[in-house]
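Residue-level structure breakdown
These are the residues of each chain, in order.
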Amino acid sequence: MNVRTRGRLAWFTAGASVALTTSGLILSYAFRVGDDPVLALLVLAAVLAMAPVGATIAAKAGNAVGWALIAVIVAVAIFVTADIYATYSSVVRARPLPFTGLAALLDQLAFFLALLLLIAIPLLYPTGTPRWRWVWRAYVTATSVLIGGFAILPQDLTLTGGKELANPYAIEALEGPVGAILGVAGATILACIVLSIVGLVLRYREARGDERQQIRWLAYLGIATVVGFVANMVVIATLGENSVAAGALGYALVVMVLLGIPAACAVAILKYHLYDLDIVIRKAVVFGLLAVFISIVYAGIVAGVGAFVSSSGSTALSFAAAAALAVLFQPARDRARKVADRLVYGKRATPYEVLAEFSGRVSETYASDDVLPRMAQVLQAGTGADSAIVWLKIGGGLRPSATSPVDAVAPSELPADAVEVRHQGELLGALSVSMPAADPMNPAKAKLVEDLASQAGLVLRNVRLIEELRASRQRIVAAQDEERRKIERNLHDGAQQQLVALQVKLRLAEQILGRDVAKAKEMLAQLGEDTGEALDNLRDLARGIYPPLLADKGLVAALESQARRAAVPVTVEAGSIGRFPQDTEAAVYFCCLEALQNVAKYAGATQVTLSLSDTDGSLSFEVIDDGAGFDSGETGYGTGLQGMADRLAALDGRLEVRSSPGGGTTVIGRVPRIGNAS
């Protein structure tokens, strides 16, 4: 049976049982055949509690606990219906209706079956264990024998109000053997109950985490029931069976048995997420609350008003009840949904509300500094976590960028259970939460974090772009300042010193011109050489800003000129590449010079190959050396490489560095053609 079919069967059976039980109890009041209205209300409350819990577990998880609870309410529905039918037929009517005896027998058998099924819950709770299946099989066999034996045992069948009917299907000749068999079956059932308790204790000792907490809830119920039973026996022995205290304790025991078992299952599911059924449980709670509301309204109008006007079966009252339900149903459903949300999700929002709130906040305009803190707030509120952290990938690693609450301490490393945030396959960041011990992570919350991560990809990409743009601007400003200082330094240490020296030598030449003409001519010749050197230095400085050779002859000629003056032998391989826009050629030129300078400073290389190529209209270069190399996976970009990357990125280009210890370094750059060549 697939999940969908199983769910429909479970909910249909539970709903039909609730409707049958409610109708039967209303009819018992209308026909005035009920003798204990308090007990009737407790039975109705138990059915209304067991129906959504049992259907939820059976529909979603297929667990035997759910089907056992459904079987209990089916048996209760049969018991209530059969009892009303038999009592009405034999007490109210002058002539009994057909099958009155069968109804009386079903009344007794269904009551015992419901009780035995309730007692069997510990054998199955919370998920059972293969080691104790033989106890369950023995219990089912003994229960079947007991029910079958009662069906043919000569006995009086007691109805509501004390009316007794003889068993119409009794076999007098088998009374002795059947009695003996029933004794064995009863002893077997008692032994199975004891073994189920022992098995539950052993499973509790072996269990860990959530399962241990789940078993503990049923243990609390069992202890309370035993204490209540002993107290009731003491009160009966002291004050008598008909005392008020004995009656109150008796009702308390009924409440603990009829409502405690489904309550224990519900708490285990809701608090410890036994089957991860948040959504289904929400629907079940809404269903149960609406069932209670409909029953109360209908019974209050038909029975309450009917009793006041001395009319128990008025069609007008039925129509009035239907009209009232039609008017009040929508407000009642809205209120039931709010109660269900609070019960299932507590103070945190539903997953849908979390995703909707996140989408709404993303669509609004916030400063980039506000986006990540708001995302952390949504993540914490949606999962009920102690803290939530948004990690952002900057450079080569992930770092915590926002926490909620703001004073939360972020770990130094990314937790193992963090969910990655990707966009178009690229890792952009991660989301991590720290859950409280009383409300640990479960698949539903994990799915919510994953859904948020899938929506956060574009947000983190935009935030990272803003961060990278901000850092790039800072680097550009710093680079500009450094270039200005470099020009100032070069002018001060080079051309300025040479010009000062020329000025001093000119004054000396003027002083000796009249005294020693030969010496003066020698100094003037030296001044001419010094002036040429100063002019060369100024030209070199001008080329560093934008070389005239690059503008006149192109990229290949400019790089070949620099290669001849490089400290390490450089081979330029260019082929026949054409001219590119000025900005493109300048970017590649200065990137190649920076790469050659890095080789001279750090690589310890003996040979460098500089290659230029024109591929699909894009200008590419490679600077390959045979130096010491480095681990490019562990070492990030320094100032020089980062400046090259920024220069190329400004033209929609990219930079790639490949290196390994002892294997040399390859710097690869590519710039698409922008505009027309000058």
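It should be noted that the structure appears before, not after, this text.
Residues numbered from 1 in each chain as written. Predicted model: local features only at pLDDT ≥ 70, side-chain atom pairs only at ≥ 80, totals over all residues. Heavy atoms only, no water.

**Quick look at the nonpolar core**
With 38 residues, the main nonpolar core has Leu555, Val588, Leu610, Leu612, Phe621, Val623 and Leu655 as its most contacted residues. Among the elements of the structure, helix H18 (555-564), strand E7 (570-573), helix H19 (582-603), strand E8 (608-615), strand E9 (618-625), helix H20 (639-649), strand E10 (654-659) and strand E11 (665-672) are those that each provide at least two residues to this core. If sequence neighbours within four positions are ignored, phenylalanine 621 has contacts with Val588, Cys591, Cys592, Ser611, Leu612, Leu648, Leu655, Val667, Ile668 and Gly669. Counting 36 residues, the second-largest nonpolar core is a separate cluster that includes Met50, Ala51, Val65 and Ala75. (Core = buried A, V, L, I, M, F, W, Y, C linked by side-chain atoms within 4.5 Å. Buried < 20%, exposed > 50% of the residue type's maximum accessible area, 1.4 Å probe, protein only. Helix = DSSP H or I, 4+ residues; strand = E, 2+ residues; numbered from the N terminus. Contact = heavy atoms within 4.5 Å.)

**Re the sheet that holds E7**
Whether parallel or antiparallel, the strands of a sheet pair through hydrogen bonds between backbone atoms. In space, the 5 strands of this open sheet follow the order E7-E8-E9-E11-E10, with mixed pairing throughout. The open sheet is flanked by E7 and E10, the only strands paired with a single partner. Strand-to-strand twist in this sheet, taken as the mean axis angle between neighbours without regard to direction, amounts to 15 degrees. Summarising the sheet, E7 and E8 pair through 4 bridges and their orientation is parallel. Residue pairing in the sheet places threonine 571 in a bridge with threonine 609 of E8. Along the sheet, H20 contacts E9, E10 and E11; its crossing angle with E10, the most-contacted strand, is approximately 145 degrees. (Pairing = 2+ DSSP bridges. Axes fitted to C-alpha atoms, helices over the stretch in contact; angles between N-to-C directions.)

**A word on the packing of helix H6 (residues 133-152) against helix H7 (residues 175-206)**
Between H6 and H7, whose axes approach to 8 Å, the crossing angle comes to 150 degrees. Put simply, H6 runs roughly antiparallel to H7. Crossing handedness for the pair H6 and H7: left-handed. Residue-level inspection shows Trp134, Val135, Ala138, Tyr139, Ala142, Thr143, Val145, Leu146, Gly149, Phe150 and Ile152 of H6 in contact with H7, the latter providing Val178, Ile181, Leu182, Ala185, Thr188, Ile189, Cys192, Ile193 and Leu195. Looking at the contact of H6 with H7, its residues break down into 17 nonpolar, 3 polar and no charged. (Parallel < 35°, antiparallel > 145°, perpendicular 65-115°, else oblique. Left-handed = near helix turned anticlockwise from the far one by under 90°. Nonpolar A, V, L, I, M, F, W, Y, C, P; charged D, E, K, R; others polar.)

**Description of the pattern of salt bridges**
Side-chain pairs of opposite charge can arise whenever the charged atoms involved come near each other. Scanning the entire structure with this criterion turns up 4 salt bridges. With a closest N to O distance of 2.9 Å, glutamate 585 and arginine 579 form a salt bridge. The salt bridge partner of arginine 654 is glutamate 656, with a shortest N-O separation of 3.7 Å. According to the relative accessible area criterion, arginine 654 is partly exposed, its value standing at 49%. Classification of glutamate 656 by relative accessible area gives partly exposed; the value is 27%. (Salt bridge = Lys/Arg side-chain N within 4 Å of Asp/Glu carboxyl O.)

**Considerations on the environment of tryptophan 391**
Checked against the element boundaries, tryptophan 391 lands in strand E3 (residues 387-394). Judged by relative accessible area, which is 0%, tryptophan 391 ranks as buried. As a C-alpha pair, tryptophan 391 and leucine 431 span 40 residues in sequence and 6.1 Å in three-dimensional space. A distance of 2.9 Å separates polar atoms of two side chains, one belonging to tryptophan 391 and the other to serine 432. (Polar contact = N/O pair within 3.5 Å; in protein donor to acceptor, adjacent residues only side chain to side chain.)

**Considering H18**
Taken together, the buried positions of H18 are Leu555, Ala558, Leu559, Ser561 and Ala563. For H18, the secondary structure elements touched by its buried residues are helix H17 (548-553), E7, H19, E8 and E9.

**Notes on unusual backbone geometry**
Following serine 404, the chain continues to proline 405 via a peptide bond in cis, the omega torsion being 0 degrees. Note that proline 405 resides in the loop between strand E4 (397-404) and strand E5 (419-423). If you check the backbone angles, phenylalanine 99 has positive phi at about 60 degrees while not being a glycine. Relative to the elements of secondary structure, phenylalanine 99 occurs in the loop between helix H3 (64-92) and helix H4 (100-119). Among the residues examined, phenylalanine 99 registers a relative accessible area of 61% and is labelled exposed.

**A look at the packing of aromatic side chains**
Applying the stated criterion across every chain yields a total of 4 aromatic pairs. For the ring pair phenylalanine 79 and phenylalanine 111, a centre distance of 5.6 Å and an interplane angle of 50 degrees mean the geometry is tilted. Taken together, the residues span a long stretch of sequence, with phenylalanine 79 in helix H3 and phenylalanine 111 in helix H4 at a distance of 32 residues. On the basis of relative accessible area, phenylalanine 111 is assigned to the partly exposed category, the value being 42%. Members of the aromatic cluster, each reached through a chain of ring pairs, are Phe79, Phe111, Phe112 and Phe150. (Phe/Tyr/Trp six-rings, centres within 6.5 Å; stacked < 30°, edge-to-face > 60°.)

**A word on the pairing of E9**
When a strand is regular, its side chains alternate between the sheet's two faces. The element E9 is largely enclosed, with a buried count of 6 among its 8 residues. By the bridge criterion, 8 bridges tie E8 to E9 in an arrangement that is antiparallel. The partner of valine 608 across the bridge, within E9, is aspartate 625. The turn joining E8 and E9, which pair antiparallel and follow one another in sequence, is formed by 2 residues; a positive phi near 50 degrees is taken by aspartate 616. Here E9 runs beside E11; their pairing, made up of 8 bridges, is antiparallel.

**Comments concerning the state of the cysteines**
Under the definition given, this model contains 0 disulfides. Looking at cysteine 591, it has no disulfide partner, and the nearest cysteine sulfur is the one in cysteine 592, 7.0 Å off. (Disulfide = S-S within 2.5 Å.)

Read these as layout, nothing more, since geometry by itself doesn't imply function.
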